[in-house]
Every structure is written in structure tokens, then in C-alpha cells.
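Read off the chains here:
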Amino acid sequence: MRPRPLPRRPVVSVVVPCYNYGRFLPEAAASALSQDGVDVEVIVVDDASTDDSLAVARQLASADPRITVVAHSSNQGHIATYNDGLSRAAGKYVTLVSADDLVAPGALARAAALMEANPRVGLVYGLPRDFTEQPPPAGPPERETWTVWDGRTWMSLACARGRNFILSPEVVMRTEAVLGIGAYSPLLPHSGDLEYWLRAAASWDVGRINGPVQAYYRVHGSNMHQTRFASAAVDIQHRLDAFRVLEDPRFPAPAAVRTKQLLRAKKALCREATRLGCSELAGPVSVEAATELRKFVESLHDVPGNVRRANLLQARIARATRGRGPGGTASSIAFVRGQLDRVRWRLWAMTGIS
């Protein structure tokens, strides 16, 4: 749909969890405070940093009354820090932005306008962009459109792909939705965001800003956003752990719907694990990683065809162990899959779904 202008200046709370990111904190705070069209409050939650983060935060707060600093006396971990900050949000809308990331210019007003025009939307996301030292310079204005899904439809798409479509700093939520959904789960330190989006989509519609960049995600040595192949099995297992929220009878969906969607997610993860295991078997590390992926596929007892996929992967592993590369057919399939992945990436960038 076409965007509508923001009819008023709502307050947006920007929660900035920080642990040893004092060197990035001023830039993150500035990216939030410079937003047009909305009134902003910034809540910096320092999780007992061992660098100068707390001093930097307090200096920023002394210079701008819109900044509040919360200091943990002992390190509580990122999930508890998220929950602490979100519980203090006073704005109509709220976003959670790590101290090393940035809010894109105009992002908060765009997200707020979508939710003002669509009262059933509780979560809005958009396009994030990676950067290292400095965010890329702004190009010509992108044409903006909105997409709004019924929450259950969006959840079904996530399950069908077995993926998290959202990086994280690009999300803006209705504070009412956050209060109703509850806290991030401390049991899911590596996939708590995916589980949170599923809970949000079960009760609220989901919106997306198409076109303009909504957030900048900083890539540096401490976050390793690109998962190495050796940890692919761990990543997939964490995603499965997040989808298992559908087993919780408190999840706001009928039991039959929850069972169906969880099975869809398992099927998608089974396919992905098989594909990843077959794609690279050139050395000992790759063989070890493929073996872990085969074990994951084998563990999905309720997924039809999991034994066949596990056996296929084991045959490829055995071939690689004997020093033989993939056959011609396997190489052709891998090439086609690589091209499809590029297409899916472009679709995700344009639509938010891949």
C-alpha cells in the first residue's frame, strides 16, 4: 500500500543495551536523537561494562535530557538487559537498538506512520544494511511502500521457510504490543528474537517498510554476523528451539494450528540442513560440520523423509571421506541452488520474505 503521512508526533522510546560498546555509543544515540517527525527518548542500559561505556552514557545524558541511563551493578546478560530496557519504555512505540548499530534517518517516523494508519499492526520492520567503519552514504531517496500481513499469515510464512526474516535493529514495535507479549525468553539467548517475533505475530499484524533502509547493522570482530559453516548445525538447532514456542499451550493459537506450523518449520529446517551438508564437503572441517547436520536431520523423527535425507547426506560424507568430490549431478544441483539463494536474497531485500 502507499504510505500515509504521520498525523502527529508520537513519542518513540529507543532502548540501547550496552556492554563494552562505549566507543560506539555516541553514534548510536545521535542516530536516534536526530530522527525527524517523532519525539524520542533514549534509554541506555549499561550491563556492568568493564570499559568506559557507563561514563560515556552519563556524559551523553548530561548533555541531552532526552537520554536516561540505567546502570546494572552486575552483569546480567543481554536478554535481561533487553527486558529491563523495554520495561522502562514510556513512548507509544519502542525500538531496541544495540549500542553498535544505528537507526537510519527517518526510520522511526516511517514505522510510526505505518502503525498510526494500521492500529492492528504491532511490529514493523524493514531493510537493514551492513557496514563496518561508517554507514554507506545516503543515495537518492528510495520509493517507499508498505506491506501489512495478518500476523498468522506472516507466522505461517516464517514457519514454511524455517527462517528469521528480521535482523533486529530495524524493528519498531507498538509499546502496547510489547507489554502484552511479555519478556524475551532467557532460555533462548541465541534465538530469542525469532521466538519473540512469532509471539508478536500470533497476536498482532506485521508491517514492513519497503524501499528505504531502516537500520544499519555494524559488522565487527565481536559480533560475527556471518555464521561459519562449522556452526551451521548450531544455528539451525537454535532456530528449531525458537519455533518450539509453538508447543507451548499458552501460545495464542489453536493446538491444531500450532502443531501444523511447527511441523512446517521442521520440514524447512530439515531441507536446509540437508542442502548445507551437501554443499561443501572439501575438507575435514566440512566433513565434521556435515556430520553434525546429518545428526540434526536424523533427529527430526516426525518429519517425513528425514531418514532418506540423512542417508543421502551420509553417502556424500562417505564420498568426501574417501577423497572424492561431488559428482557432476551434485555439482549442477549445487550451482542451481546457489543461483536460487541469490534470487531469494533479492526477494527478501524487496519484500521482507524469502
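Criteria and cut-off values
Throughout, residues of each chain are indexed from 1 in the direction in which the sequence is written. Only residues with pLDDT of at least 70 get local features here, since the model is predicted, and only at 80 or more are side-chain atom pairs given and counted; chain-wide, interface and lining totals rely on the full set of residues. The side-chain quantities take in all heavy atoms of the structure and omit both hydrogens and water. We count a stretch as a helix when DSSP gives it H or I for four or more residues in a row; a strand needs E for two or more, and each element gets its number in order from the N terminus. The globule rule used here is 2.2 Å times the number of residues to the 0.38 power, and the radius of gyration it is set against is calculated over C-alpha atoms. Partly exposed describes any residue whose relative accessible area lies between the buried limit of under 20% and the exposed limit of over 50%, with all areas from a 1.4 Å probe on protein chains only and scaled to the type maximum. Should any heavy atoms of two residues lie within 4.5 Å, those residues are counted as being in contact. Calculation of accessible area relied on Shrake-Rupley with a 1.4 Å probe; when residues are assessed, cover is drawn exclusively from the protein chains displayed. What makes two strands pair is DSSP finding at least two bridges between them. The charge count includes Lys and Arg as positive and Asp and Glu as negative, but it does not include His or the ends of the chains. The working definition used for a salt bridge is a side-chain nitrogen of Lys or Arg within 4 Å of a carboxyl oxygen of Asp or Glu. Looking at any residue, its pLDDT shows the predictor's confidence there, from 0 to 100. Joining through side-chain atoms within 4.5 Å is the link that ties buried Ala, Val, Leu, Ile, Met, Phe, Trp, Tyr and Cys residues into a set, and such a set is a nonpolar core. Axis geometry follows a simple rule: fit a line to the C-alpha atoms, using only the stretch in contact for helices, then measure angles between N-to-C directions, giving values from 0 to 180 degrees. By definition, turning the near helix anticlockwise from the far helix through less than a right angle yields a left-handed crossing, and turning it clockwise yields a right-handed one. For this classification, the nonpolar set comprises Ala, Val, Leu, Ile, Met, Phe, Trp, Tyr, Cys and Pro, the charged set comprises Asp, Glu, Lys and Arg, and every other residue, Gly included, is treated as polar. The pairing test for Phe, Tyr and Trp rings, Trp by its six-membered ring, is centres within 6.5 Å, and the orientation test on the planes gives stacked under 30 degrees, edge-to-face over 60, and tilted for anything in between. Here, over-ring charges are defined by two tests on the NZ atom of lysine or the CZ atom of arginine: distance to the ring centre within 6 Å, and angle to the ring normal within 35 degrees. The arc under discussion is defined with respect to the helix axis, by the directions toward the C-beta atoms.

1. Quick look at the overall build of the protein chain
Across its full length, the protein chain holds 12 helices and 9 strands. Its C-alpha radius of gyration of 22 Å places the protein chain within 12% of the 20 Å reference for a compact globule of 354 residues. Taken along the three principal axes of its C-alpha coordinates, the protein chain extends 65 × 45 × 45 Å. Taken over 354 residues, the protein chain has a buried fraction of 49%. Nonlocal contacts in the protein chain, meaning residues at least 24 apart in sequence, comprise 83% of its contacts between residues at least 6 apart. Accessible area of the protein chain: about 16,700 Å², with a carbon and sulfur share of 55%.

2. Some remarks on the pairing of strand E9 (residues 205–218)
Burial within E9 is extensive, with 13 of its 14 residues counted as buried. The sheet contact formed by strand E5 (residues 102–103) and E9 spans 2 bridges and is antiparallel. Paired with Val103 across the bridge in E9 is Ala215. Pairing between strand E6 (residues 121–131) and E9: 9 bridges, direction parallel. Residue pairing in the sheet places Asp130 in a bridge with Tyr217 of E9.

3. A look at the side chain of Arg258
Secondary-structure assignment places Arg258 in helix H9 (residues 255–279). Put simply, Arg258 is tucked away with no salt bridge, and the nearest opposite charge, on Asp248, sits 6.7 Å away.

4. Looking at the confidence of the model for the protein chain
Considering every residue of the protein chain, the mean pLDDT works out to 91; 91% of them sit at 70 or more. Counted against residues more than four places away or in other chains, residues 224–230, with its pLDDT under 50, gives 15 contacts.

5. Some remarks on the nonpolar core
Taken as a class, soluble globular proteins show a tendency for nonpolar side chains to be buried jointly. Among the nonpolar cores identified, the biggest contains 104 residues, and Val42, Leu123, Tyr125, Trp154, Met173 and Trp197 are the most heavily contacted of them. With 8 residues, helix H4 (residues 107–117) is the single largest residue contributor to this core. Discounting chain neighbours no more than four positions away, the residues touching Tyr125 are Trp149, Trp154, Phe165, Ile166, Glu170, Val171, Val206, Gly207, Arg208, Ile209, Gly352 and Ile353.

6. Thoughts on the packing of helix H1 (residues 25–33) against helix H2 (residues 53–63)
Interhelical geometry of H1 versus H2 gives an angle of 35° and a closest axis separation of 10 Å. Helix-helix and strand crossings are classified by hand; for H1 and H2 the assignment is right-handed. Contacts between H1 and H2 involve Leu25, Pro26 and Ala29 from the former and Ser53, Val56, Ala57 and Leu60 from the latter. Here the residues of the contact of H1 with H2 are counted per class, giving 6 nonpolar, 1 polar and no charged.

7. Observations concerning the packing of aromatic side chains
For the structure shown, the criterion picks out 8 aromatic pairs. Each ring, one from Tyr82 and one from Tyr184, has its centre 5.5 Å from the other, and the planes form 70°; the classification is edge-to-face. Of this pair, Tyr82 sits in helix H3 (residues 78–87) while Tyr184 sits in the loop between helix H6 (175–181) and helix H7 (192–203), placing them 102 residues apart in sequence. On the basis of relative accessible area, Tyr82 is assigned to the partly exposed category, the value being 22%. Residues Tyr184 and Tyr196 carry aromatic rings whose centres are separated by 4.3 Å and whose planes lie at 0° to one another, so their mutual orientation is stacked. Of the two residues, Tyr184 is situated in the loop between H6 and H7 and Tyr196 in helix H7; the sequence distance between them amounts to 12 residues. Through a chain of ring-to-ring contacts, the aromatic side chains of Tyr82, Tyr184, Tyr196 and Trp197 assemble into a single cluster. Lying across the ring of Trp204, Arg120 places its NZ or CZ 5.0 Å from the centre.

8. Observations regarding H2
By the burial criterion, the buried members of H2 are Ser53, Val56 and Ala57. The arc that holds every buried residue of H2, seen down its axis, measures 100°, which confines them to one face. Residues Ala55, Gln59 and Ser62 are exposed on H2 and point more than 90 degrees away from its buried face. Among the structural elements, strand E1 (11–18), H1, strand E2 (39–46) and strand E3 (67–71) are those in contact with the buried residues of H2.

9. Some remarks on H4
For H4, the tally of buried residues reaches 10 of 11 residues, placing the bulk of the element in the interior. Within the sequence span of H4, burial applies to Ala107, Leu108, Ala109, Arg110, Ala111, Ala112, Ala113, Leu114, Met115 and Glu116.

10. Points about the pattern of salt bridges
With the rule as written, the count across this model stands at 14 salt bridges. Here Arg9 ties to Asp39 by a salt bridge, and the two come within 3.1 Å at their closest N and O atoms. Highlighted residues: Arg9 in the segment before E1 and Asp39 in strand E2, separated in sequence by 30 residues. For Arg9, a relative accessible area of 48% corresponds to the partly exposed category. According to the relative accessible area criterion, Asp39 is partly exposed, its value standing at 33%. For Asp64, the salt bridge identified is with Arg66, shortest N-O distance 2.9 Å. In this structure Asp64 comes out as buried when scored by relative accessible area, which is 15%. Taken together, the salt bridges that share partners define one network made up of Arg8, Lys92 and Glu116.

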